[in-house]
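Spelled out, the chains give:
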Amino acid sequence: MSLYPEYTLVQKCLQLIEAKLQWGNAKNWHNDVFTELSDKINEDTSVLLSITTLKRVWGKVKYNSAPSITTLNTLAQFAGFNNWRDFKNKHDKKESWFEKNINPNSHVIIISAIVLALGFVSIYSMFSVSETTPNHDLSNVKFSSEPITRGLPNSVIFNFDLNDIKSDSIYIQQFWDVTKTIKIASHEKQATGIYYYPGYFRSKLLVDAELIREHDLFIKSNGWMGTLDYEPVPKYVLKEDIMTDKMTFSKTILDEISNNEKPLQSSFHFINDFANVSGDHIRIVQSLQSILDDKWAVCQNLKIVILGSEGAIIIPFSKLGCVSNIGLMMNDVYLSGKKHDLSMFGVDLNETRDIDITIKSKNISVTVDSTIIYEGQYNKSIGRFVGLRYRFLGAGAINSFEIIDLKRHTSILNSNF
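Let us look at the structure shown here. All values reported here derive from a predicted model rather than from experimental measurement.

What counts, and where the lines are drawn
Residues numbered from 1 in each chain as written. Predicted model: local features only at pLDDT ≥ 70, side-chain atom pairs only at ≥ 80, totals over all residues. Heavy atoms only, no water. Helix = DSSP H or I, 4+ residues; strand = E, 2+ residues; numbered from the N terminus. Contact = heavy atoms within 4.5 Å. Pairing = 2+ DSSP bridges. Axes fitted to C-alpha atoms, helices over the stretch in contact; angles between N-to-C directions. Core = buried A, V, L, I, M, F, W, Y, C linked by side-chain atoms within 4.5 Å. Buried < 20%, exposed > 50% of the residue type's maximum accessible area, 1.4 Å probe, protein only. Expected span 1.5 Å × (residues − 1). Arc of directions from axis to C-beta.

## Focus: the side chain of Asn73
Among the structural elements, Asn73 can be located in helix H4 (residues 69-79). When sequence neighbours within four positions are dropped, the list of residues in contact with Asn73 reads Asn83, Trp84 and Ala209.

## Some details on the sheet that holds strand S1 (residues 142-147)
Ordered in space as S1-S2-S5, the 3 strands form an open sheet in which the pairing is antiparallel. Each edge of the sheet is formed by a strand with only one pairing partner; in this case those strands are S1 and strand S5 (190-195). Each strand of the sheet is rotated relative to its neighbour by a mean of 25 degrees, with strand direction disregarded. Relative to S5, strand S2 (residues 154-161) runs antiparallel, the two sharing 6 bridges. Paired with Phe158 across the bridge in S5 is Ala191.

## Details of the nonpolar core
It is characteristic of soluble globular proteins that their nonpolar side chains tend to be buried jointly. Ile304, Phe317 and Tyr390 are the most contacted members of the largest nonpolar core, which has 54 residues in total. The element best represented in this core is strand S19 (residues 385-393), accounting for 5 residues. With 28 residues, the next largest nonpolar core counts Leu21, Val57, Ala76 and Trp84 among its residues.

## Focus: the pairing of strand S18 (residues 371-377)
Judged from the 6 bridges that link them, strand S17 (residues 363-368) and S18 form a sheet pairing that is antiparallel. Counterpart to Ile364 in the pairing with S18 is Gly376.

## Regarding helix H1 (residues 7-21)
The end-to-end C-alpha distance of H1, which contains 15 residues, comes to 21 Å, matching closely the 21 Å that a straight helix rising 1.5 Å per residue would cover. Burial in H1 covers these residues: Leu9, Val10, Cys13, Leu14, Ile17 and Leu21. Considered in projection along H1, the buried side chains sweep an arc of 140 degrees and stay on one side of the axis. Exposed residues lying more than 90 degrees from the buried face of H1 are Thr8, Gln15 and Ala19. Buried-residue contacts for H1 involve helix H2 (31-45), helix H3 (51-57), H4 and helix H5 (84-91). One or two steps after H1, the chain reaches Gln22, where phi turns positive at roughly 55 degrees.

This is how it looks when you write it as structure tokens:
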């Protein structure tokens, strides 16, 4: 079996993580252990590594490719280091030839080696040879992207010129999800990525885990669109299968969701250019409910995702007994149900609920049926408001909604489906 160049270092990092966890030999870890590990890593680093990714790294799933730089950075951070480069600098210290082959008492050999080395340095200096690492001019690095089409799915061509930068750790991060990366080589000029969902994506060029260039990529939804979020490729629901009196799916689609053997999410998306509407000064009022509550949809999980040009806010709901599995994300602030009491988001969605999300100067207030259930704040602006996403575990219905620009006190979108 061929191993990737940094395999040995990765194994060292995994050993440190295993020692930190004290969960016993990783050879005996089963699926639930990796689920818990994914949650722990997310809590410590705010990065969600999938169970499949963790199984691949630990060799539970056959996979010959090297882990992405994002995966390596996250594992290194979880192990107690700043990033993968920091881990490498402290652990990639190869044993010298002297350490491996020279007996500490063999003074004559050591002295002879030193004399030879000095002689070599003298000759080397005579010819004025310089092998110092050149300083790269990052101002000449180029990075841009071009969507191939206007619809979805949408393949995007990334064009770049690295200006002779040499590194074995160069990646394109496709959007805010730091696990979605494309590895590229120093000599390459193009790469392609595929986007299955609409959104406002900030693509980043990373060299040795450092941000070199970034730019924005906007893929609109062309009005409301619905998806069945199969992995790895979603199904796009036809317009005629989305009901018009209220936003829900036709019986054919609902039957498909209900009969699916594995947990399946369904989503409604509205992504558009709202000019200069601030995502930090906005109010979203909606009346909605969950439709399915059997099999794997018993928890009735719902995520209301508010998308900005520089980040996102995710407001979660579920049945009260399932709140341990949800997480509240307010751009740079993440609260996991594993470590925080999110019982206020335990709501029975079998009945229609009126939910009001108000954001003023990065302060969030969430109201359910006229009762304030949560107030919190975040630090980093989400930028311009670019859209909204409702993601149900199973399926749901949105009876009405309105989005209000609080700076201008005007309605910018309502339930005219």
